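# A structural walkthrough
Listed here are the chains, written in short residue letters.
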Amino acid sequence: MNTQDEARFLDQTVALAVANVQNDGGPFGALIVTSDGRSFSGVNRVTASKDPTAHAEVMAIRNACTALQTFELSGSTLYTSCEPCPLCVSAALWARVESVVYAADRFDAEEAGFDDAVFYNYFNTPVDQRSMPVRQVVPPVEAALPASAPFNAWRTLAARVDY
């Protein structure tokens with residue numbers, strides 16, 4: 001992708017974000033652009049839909065996958081009006097997006113009251129000091145099913161679709 005195309009796509013994401021602010025949404029817009037040039041937009045609908053995962057990047061990925069009838073977007077680029085938070089980077093990784101290009105950064109977002117640093121810092125904090133504990137509890141031997149039961153079922157499913 002050349003820099004002129006990148007600038008055009010980033011302009012579109014910024015325009016989506018600005019328009020979304022006037023439509024009860026957050027100031028974030030995103031585009032998934034496939035290797036053959038098709039594009040799929042998404043805007044932040046967290047407060048409008050009462051869905052904390054409805055970030056612009058996630059919505060663009062959802063829209064692209066739904067339209068393309070796939071769960072992976074190999075070869076595509078995610079353009080976004082702002083540096084993606086860890087949730088959005090994770091979604092892009094799961095979707096097998098090839099690259100991410102953004103306009104504003106996390107510090108610009110912080111100036112507007114969006115403090116993604118909390119989430120970046122979470123992963124940089126030692127596990128035993130994190131604000132939200134995430135811990136494993138292994139079911140006792142006498143449990144009806146071992147913790148590995150879902151994975152055993154998955155491994156033996158002949159019709160599974162790997163992802």
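Residues numbered from 1 in each chain as written. Predicted model: local features only at pLDDT ≥ 70, side-chain atom pairs only at ≥ 80, totals over all residues. Heavy atoms only, no water.

For the protein, the name recorded in an unreviewed UniProt entry is Nucleoside deaminase, with Arthrobacter flavus as its organism.

Our next topic: the overall build of the protein. A count of helices and strands for the protein gives 7 helices and 4 strands. Element order for the protein, N to C, with α for helix and β for strand: α-β-β-α-α-β-α-β-α-α-α. Dimensions of the protein along its principal axes, counting C-alpha atoms only, are 60 × 40 × 30 Å. When the 163 residues of the protein are sorted by exposure, 32% land in the buried category. Here the contacts in the protein between residues at least 6 apart in sequence split such that 45% fall between residues at least 24 apart. Accessible surface for the protein amounts to roughly 10,600 Å². Of this, 57% is attributable to carbon and sulfur atoms. Of the charged side chains in the protein, 11 are positive and 19 negative, and the gap between their average positions amounts to 10 Å. (Helix = DSSP H or I, 4+ residues; strand = E, 2+ residues; numbered from the N terminus. Buried < 20%, exposed > 50% of the residue type's maximum accessible area, 1.4 Å probe, protein only. Contact = heavy atoms within 4.5 Å. Areas by Shrake-Rupley, 256 points an atom, 1.4 Å probe, with all protein chains shown as cover. Lys, Arg positive; Asp, Glu negative; His and termini not counted. Charge placed at Lys NZ, Arg CZ, Asp CG, Glu CD.)

Let's shift gears to unusual backbone geometry. Note: most peptide bonds trans; most residues except glycine with negative phi. Although it is not a glycine, D24 sits at a positive phi angle of roughly 65°. Structurally, D24 can be placed in the loop between helix 1 (3-21) and strand 1 (29-33). In this model, R96 sits at a positive phi of 65°, which is unusual for a non-glycine residue. Along the chain, R96 turns up in the loop between helix 4 (86-94) and strand 4 (99-104). Using a relative accessible area of 39% as the deciding quantity, one classes R96 as partly exposed.

Turning next to a nonpolar patch on the surface. Taken together, F71, W94, W154, L157, V161 and Y163 make up a surface patch of nonpolar side chains, about 710 Å² in accessible area. Take W154: it is sitting in helix 7 (residues 149-156). (Patch = residues over 30% accessible without salt bridge, like charges linked within 9 Å, V, L, I, M, F, W, Y side chains within 5 Å. Salt bridge = Lys/Arg side-chain N within 4 Å of Asp/Glu carboxyl O.)

Right, let's get into the environment of A91. By the element assignment, A91 lies in helix 4. The sequence separation of A91 and E57 amounts to 34 residues, and the corresponding C-alpha distance is 8.1 Å. Those residues in contact with A91, other than ones at most four positions away along the chain, are V58 and I61.

Another point: the sheet that holds strand 4. Ordered by their spatial adjacency, 4 strands build an open sheet running 2-1-3-4, and the pairing between neighbours is mixed. Here the strands that pair on one side only, and so sit at the sheet edges, are strand 2 (39-43) and strand 4. When strand polarity is set aside, the average angle formed by the axes of neighbouring strands in this sheet is 15°. When strand 3 (residues 77-82) meets strand 4, the two strands line up parallel, connected through 5 bridges. (Pairing = 2+ DSSP bridges. Axes fitted to C-alpha atoms, helices over the stretch in contact; angles between N-to-C directions.)

What follows deals with the packing of helix 3 (residues 56-68) against helix 4. Close contact between helix 3 and helix 4 brings their axes to 8 Å; oriented N to C, the two are set at 20°. By the criterion of interaxial angle, the relationship of helix 3 to helix 4 is roughly parallel. In this structure, helix 3 crosses over helix 4, and the sense of that crossing is left-handed. Together, E57, V58 and I61 of helix 3 and L87, C88, A91 and A92 of helix 4 make up the contact between the two elements. (Parallel < 35°, antiparallel > 145°, perpendicular 65-115°, else oblique. Left-handed = near helix turned anticlockwise from the far one by under 90°.)

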